[in-house]
Structures are given as structure tokens and as C-alpha cells.
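The chain contents come next:
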Amino acid sequence: MEKSCKISKFFILCVVLGVLSVATIVTLWAIALTDSVEIVAPWDKYRLPDTLKPDHYNLTLWPRLTVNAQGLYIFTGKSYVVFQCVKETDLILIHSNKLNYTKWGDDHLAKLSALGSTPAPTIKKSWLQPTTQFLVLELNGKLAVGESYQLDTVFVGELADDLAGFYRSEYEEDGVKKVVATSQMHPTHTRKTFPCFDEPARKAVFHITLLHPRGTVALSNGKEPEAVTQTRFEPTKSMSTYLLALIVCDYSFISAREGDILIRIWARRKSISEGHGEYALNLTGPILSFFEVYYNTTYPLSKSDQIALPDFYFGAMENWGLVTYRETNLLYDPLTSSNGNKERTATIIAHELAHMWFGNLVTLRWWNEVWLNEGFASYVSYLGADYAESTWNVKDLIVLDEVHRVFAVDALASSHPLSSKDDDIQKPEQISEQFDVISYSKVNIRQCTVLTMTKGLNNYLLMTFHDASDMELPGTVHDIMNRWVLQMGFPVVTINTATGLITQKHFLLDPDSVGSVPPSDFKYEWIVPIKWMEAGVVQKEIWLLEKEALNNKLTSGHWVLANINVTGYYRVNYDLGNWERKMDSSHVRRVIPVINRAQLVDDAFNLARAKLIPTTLALKTTKYLSKEIEYVPWESALNNLDYFYLMFDRTEVYGTMQHYVRNLVTPLFQHFKTITADWSKVPDGYNQVNAIRMACSSGLVECQNLTKSWYSQWKADPDNNLIHPNLRMTVYCSAIAAGGAAEWDFGWDMFKTATIASDADKLMSSLACTKDHELLNKYLRYTLDSDKIRKQDATSVIVYISSNVQGQTLAWDFVTQNWEYMFTQYGVGSFSFANLISGVTMRFSTKAELEQLQKFKEDNSKIGFGSGTLALEQAIERTTANIKWVDENKKKVWDWFLSEIA
């Protein structure tokens, strides 16, 4: 009995200890799990909660166009927003960034009042959350579902020169400094102007009043009445915050009417008086009329204002009813502007006006669908420009300007799909990253897909197919489109004319990067429409539905060409025999369409980089160019040869390559010399520019003497520039490259005194052509002095310098040494960090440069890279691929050039 009792006590003790142990373990687990699952407060998230819906804003702003006692330009404002509660909440989050608030009587940053019968809860606590850019209001009670409330604020902001939000732009006219208060709200800068629900889906009506000095003009999205110092605009349509525009300026305008629509072009008074706005005015009406028919919907506003600004980050911005532009993109002077300037003005105006319907009237819900907005506008801009300027064949340039550009990025393992998940895009810098070449250019509607507006905008977008009237689809539009939209990249279609086998494979510029490609639900297979011809005769279209298929019609023994006019978003490879048959120059020039002559070259060079064909085969596709005079094939070839220059212009290959290119381009140079009567009559096309540019840069003495003499004549008589506008940038660059400090200093003086923005741009680019390191370093320093180089142009100048082999290392060192200052202070809102990183690393092709790039990433990881984050990863990937390509191809390329010039 006693023994039994002892055993029972021991057992009980063990049980108790066991329970305590389990409890301890469970407690530790709970603590560990609690620590690992971070509870994020609503104001620490970047997205607005779905509790409140804005109805309208009432905003009054007063920008000061002179400095205050502290030496700052500021604006003061008061606003209220009326919103409805759609889900019960005791919290108000509204976006705010870099605004200082006046506190109300209860010591809070805003005042809340109810518009219905139910009183508004009082404010418990109010504060600013800088990281997520919120004004936060915690309430002592709940907002009632269905009730409307009003939130009032009074605030001050800086009218800075940072090109973001409500900002300051400056210019000089007749020796007098003038200040413009203007705006760039897109994508997330409205919150820097006044507190607002700053997401695209939170549409509202805006009631705007601007206070401004006597003698100035105030502009906004709505029509303005006659006003002296206070302008109250008509209410806007319900629209997203990023489309708001606010401007106070001393500008003049010209106007016209297209039906009931008032069209006005605004610019500096001198630009208007000299007629530089006439082209844009004459273009706008026809383009608006074209889009009214195309969208089957009338223009939704009563006026269309377009304004040219001295300082502007983007090329243009589609603010509803008040479109803002860089001066170079809106103004055109027939005496000094080139054909390229004219074409750019036409396509950019068409792009922005296309947004008046698609983007403004119908808006993306969140920034993960930017491609719907920008890709569609990119395409229809060519349609609108083609309608207004029908003799230009501007649609043919889509392949060069859009398809080839996006191919280069979409062939990287670090590319991304057109569409992504909402949750993947949260922070402002992530939003900015979405505005890349993929979003703008991949929606190439020459290809397998066409986005058309049918039955007006009520149907939003109906996806149909190119030439759908005579095309039978192999599946639903949804199934076909998902493969192109939801997975990144594109296929290379390989056609074997010996066996009839057609295959597809995800195309990667670096085949060794396949291991870092993210998985795809569609296994990187696409449904591919193949339009093809045999010996010049167009055949019935083929659909490639799987990885491979057999088609005996391809084995006739004649040459085969697929992807006619590049209507498909893919590259094409062939068996060696078919490549050789097509390179018969008589066939190429007589039968193959001009766009495909360009595409054959582009495909060959990129297939060679991906190790799918020999590099020497790609080079062989350029030999026929000695008999080619069309612009598109030449431009395609030169763009691809530019990669060889980037890889080899610091090596012994460079001299032999120059010799080959000089032999190739001399017949083109002589052709244009003949048809221009020794350059006395310059035609309208682009290819004479290529002829002079490449002849001079490859060392043709006749060309170099020509450009030096033209530049010297201008230098001797600065008020009388006889160089044809189409040739100016090429002539300036060639002469400055061949000259010294005197030529550079003259170019700089002409740049600083240029009154036409497009001519200033040509000089700005050409000043980077000098071979003098001291001048290049001086020019780099100027990019951080806004009195010398406008902030909007700083990125471009640095990239121009890096594209010069003499400036490559200088530009890279400058960026690495100044990154923190540019990223955190000077460049905020004005630098395109993605373009900057891509531009200064394009020539990187050595292990030492890869190590520098990786060290740059490591050294600045805490500072960050913002919108350049993805560009940095792509630069590392591209450099890695370049190193391998150079190692494998340098000797082969050198030997090939040597054999061709022997």
C-alpha cells in the first residue's frame, strides 16, 4: 500500500511536469508565431481602405510667384472633400505629402462635419504618416454607412522646382525672369498639392479656384470665366486625382474651334507670336474628330487646352482638358525644326488626346494595369497621326519605335508580364516602375491582337483580332490573350523548310539565364498566328497552338518568309538553307516587304546573341545594304550594329568594323549627295541623316570636311544658320567631335541663347560628342546645376555622355559618386532613374564592370534605387550576358570584318 502510494505521487508529479512542459512549449510557440506575424496598422499600409468614397473636392490655391522672407516659393491652400462612408469605420486615411497644416480650434489637423442628420464623431487624434504619405484621423466614434461627411483642411506647401505636384518652372523672356506655377500630378503627386484620396479608382468632381497676380492667366481642367486675380473654374467631370492640372502663367494663346470644342494652344508669348503653336493647333481638331469616330463617342469636354512648359518631367501628360507638354513636343518652327521634331509632335499630341477617352473617361482601377492605358494610347497615337498626316506612312515606324524597343527588354529573364497582381504594386516607386517600355510598347496592335472600341465605351474593351473579318480564331479571345498578357516574354518561332517542322520556344537573349526565369502557368507557350509567304506569294495563315507542329506546305524548296509586316509579336528563325536563299539581294530588294527587310536583320542579330544562329550569319544580313536606300532597313541594321560598337569600340575590333561600315555606307552617302545636288536641296526623309551620321562617324573624310565647313560657316555668322534642320544634330555632333574647345564653347553659347526648344535639344545632345575629357567632365557637372541644365534634361545629358566611348567611364563614375545626392535631394521628381541606370551601363561587358555594378548595388542598398530598381537588375543581367557574348564572339567578329575588307 505504501509503495503504491509513492508510485501514484511520482506519477502525478510526472504528469504535472509534463503539462507544464507542454504549456511552456505552447507559450514559446505562441510568442514566436506572434513575433513572426507582423500586425500592420492601416496607416502603415500603402493602399487606401475601402471604407470611404469621395464625391467632390472644393479647392482654393494661391501660388506665390516671388520668394518669401525665407527665400522660398510657396503656395497656400484650403480645401474640403465631401465623401460617403461605404463601410463602418472610426478611421479616416487621406493622402498627404510635404504639406504643413494649420491646426483647428480643437488642435487637430482637419475639421470633420456631417452633411446628414447624424452628427459626425469628434476627432480623437490626428497626425501625418510620412512613409505611407497619409494624413491620419482617429475618431471617437464610427462613421455611419450611407452618410456623407465633409473634411476641411488649411495648408501650406513649397512651390519647388522638383517637377512634381504643384511646382515652379522658370524662363527668361526679353531679359526678364518669369515664373510659372504648374503641375504634374501623375502618378502619385496630387497628394503633394492638397489632401486627397489619391488612387485612380477614387474618382470625384473638382471645384477649383486659383488666386493669382494681376496680369497672369490661370488654367485648370475646366473652362475659366473672365477673371483678374481670382479664377473659379467650372466643375470638372468625375475623374481621378492624377488628372488634375493647375497653372498660373504669363502666357498667350491661339485658338480655333472643332465643332463645339474650343481648342487653345498656350506657350510663352514670343513662341505664340512667332507662330510656333500653329502646327499643334491645326493638328488637334482633325485628331479629335478622328478619335470621336474611332471610339464612337463624342469628346467629353467643352474645351481642349494644350500648354508648352519650360520644365516638365515627362514628354507630356494627359490631364483632362489641359494637356501639359515639354516645349519640344508641342511647339514646331518650320524654319528650325526637323522632320523628326514634326513627327514627334504629331504622335505625342495624338497619344495624349487618345487618353481623353481611354484613360480619362474610362480609367484603370489600379496601377498594375498601366499597360491598358499606355499601351493602347501608344498604338492609336500612330493611327491618329497617320490620319492627320496621311503621306508620312507613320504606321511603318511602329516596328522600329515600339516593337524592336520592347523586344530588347522583354527578352531578359528580369522582364515582367503586362499585367500583375494588385498586391505587387503598392509603393509610389513601384507605381513609377510600371511606366516602362513593356507597358508602353508591348501592346503592339500590328501583331496578333487588336484592341478596338466597339459600341462606344460602354463595352470598355472588346478584344478582337487583326483582320478578324477573314480570320478564324482557334480558341476564345480570353484563352489566347491570357498567354500574352499574364506571362512575360515572347517566343522565337523556328521554321525548318527541309522537314516542315514549326517549333516555339521562350526567347531569351542570354540562354544561360533560363534558370532564373519565374514559373508561368502557361509554361511559356503561346498561341501564335503565323502569316507567311513563299517565294514572294502570300500563303494561308498558320496557327501554332502547341510547342511544335508539322506543315508539309513549308517544304517546297522555295524561300519562306514568316511574320509578314511584323504583325506578330515574336521572332523567327529558319534552317540555314532558308537563311541563305533569302539573302540573295535580288530577292530581298524586289519581293520582301520593306518592314520585313528590317525585321530579318533585327531577328538575325538577336538570334545570334541568343546563340541560335552564328554571329557571322547575322553580320552577313547587312551586306546587301550597299544597295539599299530605304530608311527602315538601314535604321534596323544600324541599331543592331550599335551593339557591336558598344561591345568592341574599346578593342582592336573597332578599326576593322569602322572600315566595313564606311564601305557599306559610302554608296548611300553618294546617293544622297547626287539627289540633293551636292547637298544643296535636302529631302524630307530620314535616311540622308543616317548617311551623313554614319559616313562621318566611320571616318569618311569627304563627309567630315562637309560637316566641319557647315559648322564653321555658322560659327563665323551665328545669326545665320544655313544648316538644314533635318541635318543639324548630325552636323553639330560631327563637328564638335572633330573639333576642340572652340567648337564646344560655340555650341554651348548657342545652346544657352537658343530660343527654339527643339534646336536647343539638338545642341544639348551634340555637346556630348566631344572627345575632350575635360569638357565632358565639365558638362557632367553642369547636370547638377539647374541654371545651366534644366532638371528635366539632366538624365538625358548624362546618358548622352555615356554613349560617347570617351565619356562612358566618366559618366559611370559621376553617377556612382553622386548617387545619394541625386537620389535623395537633387533628382527627386526630375531624374528618370531607370533610364539613367540603363543608359550608363549599356556598354558594360567586362568582369571588372560587372563587379563595379554589383558593388554599386551593395553600397547603395540602404539609400535605394526607386524607379530604377528593376533597371539595375536588368543591367546586371545584361552585363553578365555581354561578358559571355564578347568572350565567345570577339575573334569570330574580328576575323569576319577582316575578311570583308580584305
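Because the structure is predicted, anything quoted here is derived from the model rather than measured.

1. Regarding the UniProt feature "site: Transition state stabilizer" (unreviewed entry) in the chain
Moving on, step 1. Using the residue numbers shown here, the UniProt feature "site: Transition state stabilizer" (unreviewed entry) corresponds to Y440.
Moving on, step 2. Position of Y440 relative to the elements: it lies in helix α9 (residues 437-441).
Moving on, step 3. Under the relative-accessibility criterion, Y440 is labelled partly exposed at 23%.
Moving on, step 4. With residues near it in sequence (within four places) discarded, Y440 still touches H351, E374, G375, S378, E402 and F435.

2. A word on the state of the cysteines
Moving on, step 1. What the rule picks out here adds up to two disulfides.
Moving on, step 2. The residue that forms a disulfide with C696 is C703, at a sulfur-sulfur distance of 2.0 Å. Between C696 and C703, the S-S dihedral sits near -90 degrees, and the bridge is therefore left-handed.
Moving on, step 3. Each sulfur in the disulfide pair C733 and C769 lies 2.1 Å from the other. Measuring handedness by torsion sign, the sulfur bridge of C733 and C769 sits at about -105 degrees and is left-handed. One end of the pair, C733, is in helix α19 (residues 728-738); the other, C769, is in the loop between α21 (757-766) and α22 (773-782), and 36 residues separate them in sequence.
Moving on, step 4. Classification of C733 as partly exposed rests on a relative accessible area of 25%.

3. Some points on unusual backbone geometry
Moving on, step 1. For the peptide bond that leads from H186 to P187, omega is -5 degrees, which places it in the cis range.
Moving on, step 2. As for its position among the elements, P187 is in the loop between β10 (176-184) and β11 (205-211).
Moving on, step 3. Positive phi, normally seen in glycine, also occurs at D678, with a value near 60 degrees.
Moving on, step 4. The topology assignment puts D678 in the loop between α16 (653-675) and α17 (687-697).

4. Things to note about empty space enclosed by the protein
Moving on, step 1. Within this structure, the stated rule accounts for eight cavities of 30 Å³ or more.
Moving on, step 2. Taken as a whole, the largest cavity holds about 120 Å³ of empty space.
Moving on, step 3. The wall of the largest cavity is formed by 14 residues, among which L509, D510, R609, A881 and N882 lie closest to the centre.
Moving on, step 4. Top contributing element to the lining of the largest cavity by residue count: helix α27 (residues 869-901), with seven residues.
Moving on, step 5. Split by residue class, the lining of the largest cavity holds six nonpolar, one polar and seven charged.

Definitions and cut-offs
Residues numbered from 1 in each chain as written. Predicted model: local features only at pLDDT ≥ 70, side-chain atom pairs only at ≥ 80, totals over all residues. Heavy atoms only, no water. UniProt positions renumbered as here; feature names shortened; annotations may be inferred. Helix = DSSP H or I, 4+ residues; strand = E, 2+ residues; numbered from the N terminus. Buried < 20%, exposed > 50% of the residue type's maximum accessible area, 1.4 Å probe, protein only. Contact = heavy atoms within 4.5 Å. Disulfide = S-S within 2.5 Å. 1 Å grid on protein atoms, 1.4 Å probe; cavity = no way out; pocket = protein on both sides within 12 Å on 5 of 7 lines; lining within 4 Å. Points joined across faces, edges and corners; volume = space filled by probe spheres on them. Nonpolar A, V, L, I, M, F, W, Y, C, P; charged D, E, K, R; others polar.

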